[in-house]
Amino acid sequence: MKINNQVISLFNSNFFIKENDIVFLVFKICSKLNYKKLIDSYAKEGRPPALPLDVMFMVVVYAYINGIYSSRKIEYACKTHICFLWLLQQYEAPSKSTINRFRYGHAEELQDLFNQFITELKEREEISCENIFIDGTKIEANANRYSFVWGKAVAKNKAKLENKAESYLAELRKVYSHNFSSVVKALEFLSNQIDEAEIEFVHGRGKRKTQLQRDYEKCEEILAKSSQYAEYQEILGDRNSFSKTDNDATFMRMKDDHMKNGQLKAGYNIQIGVDSEYIVSMDVYQDRNDVTTFIPFLEMTKENLGFTYPNATTDAGYESEENYVYLVKNKQNSYIKPQNYEQIKKSKKKKHPYAKFNFEYNEEKDTFTCPGGETLTLRGEKKSKSATGYESKKGVYYTEKCTECPHRNQCTKSKDGIRKLEHSKLFHKYRQQSLNNITSEKGIVLRTNRSIQVEGAFGVLKEDYGFRRFLTRGKKNVKTEMLFHCFAYNFKKYYNKIAQKRTKTYLFEKKKPNKKLTA
């Protein structure tokens, strides 16, 4: 298809597309992508697509660029909007069911197209391949807010049910003089007794149930509840909650609403990696915090893009010994903001004189000195495991002289009156390295860009695009939906950079302070 340098006219001169419209950029780049995996997935389903899949892909991406997410509205735009008609290339407008079928369950195929898109940007020298800025946000799932199932409640109710079943079996053994090993065996025995006695089950008011029917229904009820709790535990896995409406969604603490009320809703943890203002990597997680997503996200990014970023910049939510060790092992520079950075920076010694960061550590002697001048020595070691199974070791430091200290009540609230400090040498070493990195001249520029680029990307998606709740259900479909948003974001970003003549720019430089004007 040839593109006229001036205008593209359709039907008559009253309808035209401007030569610098983003639709041409979408067509130019999407025409280069290889759709083999997507075509093969449709072939496995056994149903031919209603129109070529490359055309369908362009239409949906262009719809997301224009903030059109509803399948009905996309269908209407394909029948009335000049740009959509041009993309369709004289094919018939797809129905809403065709559009929905295309958007459901093709996460792997769409990820392949997204990787190709990032490779295209790399070839155009639009991404640096040097710095990746990582952040996460929680987005509400398409689930009922009151459909929660809590892991602790399931475990508690299941234990109660097991006790109830055991006591009921004991009653049945006495009544029928039979040693039942389980409720299932009791149900089989009762079923045989009912068949032999030719008892018909009765229901409703005015009907009197036999003892056999009552016992049979009681056993059925116990088995049904037991099966339900087992199913709930299988769905939960390592999580502590899920939604009955969307089993893959986890209940998470969302941002406060306008009345400053904490929101607990079913949602997903969306992690993105940004390079040179483009979203180069994205994945969907069920974890409520960001720290456990860091390593899987970097591994996924490396697998998809085929290279490792030398510098990883994140906020304090990703700091952990395990993550530091991973970066060192993979020879990646850590620009993770320490969790106590703000406290140290603001120097709250007067407000919190007995905080841990006010205890001076002597690396040679491996001792701490408290603000009162007493020395805390190593007295033991404490081991702990993270949710991912990583084992860390911490030394326990304290002094016996705490009991004689006049500041004891202000320093500690422990029952024995002794202030104890836990300290990991490995974690302290890597934290100090990361602190040195983020406070360097390069680190300041990278931290500034993290705030602008990755947080700015979420700001655009949520505020400008109005994307605050998923339309689809299930982790796989949610990822497909999110990938379309990433495509739309990157196309608009590239289009704007071309218009602003900012192509091949990777970082926002640190602004120099304005010099004061003198008379």
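Not measured: the values here are computed from a predicted model.

## A few points about empty space enclosed by the protein
Counted by the stated rule, this structure contains 3 cavities of 30 Å³ or more. When its volume is computed, the largest cavity comes out at roughly 140 Å³. Surrounding the largest cavity, 15 residues form its lining, Cys370, Cys402, Cys405, Cys411 and Arg419 being those nearest its centre. When the residues that make up the lining of the largest cavity are grouped by side-chain class, the tally is 8 nonpolar, 3 polar and 4 charged. Contributing to the lining of the second largest cavity are Leu298, Thr301, Lys302, Phe307, Thr308, Tyr309, Tyr326 and Gln332. Considering every element that reaches the lining of the second largest cavity, the biggest residue donor is helix H11 (residues 294–305), with 3 residues. Tallied by class, residues from the lining of the second largest cavity come to 4 nonpolar, 3 polar and 1 charged.

## Thoughts on the packing of helix H3 (residues 53–65) against helix H17 (residues 475–499)
Interaxial distance between H3 and H17 falls to 8 Å at its minimum, and their mutual angle equals 70 degrees. In terms of axis orientation, H3 runs roughly perpendicular to H17. Together, Phe57, Val60, Val61, Tyr64 and Ile65 of H3 and Glu481, Phe484, His485, Phe487, Ala488, Phe491 and Lys492 of H17 make up the contact between the two elements. Considering only residue class, the contact of H3 with H17 consists of 9 nonpolar, 1 polar and 2 charged.

## Let's talk about the confidence of the model for the chain
Across the chain, the average pLDDT comes to 89, with 93% of residues at 70 or higher. Strand E1 (residues 7–10) is the least confidently modelled element of the chain, averaging 46 in pLDDT, while strand E8 (residues 278–285) averages 97, the highest of any element. Counting contacts from residues 1–14, a segment whose pLDDT is below 50, to residues more than four positions away or on other chains yields 21 contacts.

## Regarding helix H8 (residues 151–176)
Since the α-helix turns once every 3.6 residues, residues separated by three or four places project in the same direction. Between the first and last C-alpha of H8 there are 37 Å, a value that for 26 residues agrees with the 38 Å anticipated at 1.5 Å per step. Of the residues flanking the end of H8, it is Ser177, one or two places downstream, whose phi is positive at about 50 degrees.

## Re the packing of aromatic side chains
Across all of its chains, the model carries 27 aromatic pairs by this definition. Taken together, a centroid distance of 5.0 Å and an interplanar angle of 50 degrees make the contact between Tyr64 and Tyr69 tilted. On the basis of relative accessible area, Tyr64 is assigned to the buried category, the value being 1%. Tyr69 gets classed as buried once you look at its relative accessible area, which sits at 13%. Ring geometry for Phe114 and Phe487: centres 5.3 Å apart, planes at 90 degrees, overall edge-to-face. Highlighted residues: Phe114 in helix H7 (residues 107–123) and Phe487 in helix H17, separated in sequence by 373 residues. The ring centre of Tyr398 lies 4.9 Å from the NZ or CZ of Arg379, which sits over that ring.

## With respect to the pairing of strand E13 (residues 375–385)
Strand direction decides the pairing type here: strand E12 (residues 367–369) and E13, joined by 2 bridges, are antiparallel. When the bridges of E13 are listed, Phe368 appears paired with Leu376. Judged from the 8 bridges that link them, E13 and strand E14 (residues 391–398) form a sheet pairing that is antiparallel. Looking at E14, one finds that Lys383 is bridged to Lys393. Counting the residues between successive antiparallel strands, the hairpin from E13 to E14 contains 5 residues, one of them, Gly389, with a positive phi of roughly 95 degrees.

About the cut-offs
- Residues numbered from 1 in each chain as written.
- Predicted model: local features only at pLDDT ≥ 70, side-chain atom pairs only at ≥ 80, totals over all residues.
- Heavy atoms only, no water.
- 1 Å grid on protein atoms, 1.4 Å probe; cavity = no way out; pocket = protein on both sides within 12 Å on 5 of 7 lines; lining within 4 Å.
- Points joined across faces, edges and corners; volume = space filled by probe spheres on them.
- Nonpolar A, V, L, I, M, F, W, Y, C, P; charged D, E, K, R; others polar.
- Helix = DSSP H or I, 4+ residues; strand = E, 2+ residues; numbered from the N terminus.
- Axes fitted to C-alpha atoms, helices over the stretch in contact; angles between N-to-C directions.
- Parallel < 35°, antiparallel > 145°, perpendicular 65-115°, else oblique.
- Contact = heavy atoms within 4.5 Å.
- pLDDT = per-residue confidence, 0-100.
- Expected span 1.5 Å × (residues − 1).
- Phe/Tyr/Trp six-rings, centres within 6.5 Å; stacked < 30°, edge-to-face > 60°.
- Buried < 20%, exposed > 50% of the residue type's maximum accessible area, 1.4 Å probe, protein only.
- Lys NZ or Arg CZ within 6 Å of the ring centre and 35° of its normal.
- Pairing = 2+ DSSP bridges.

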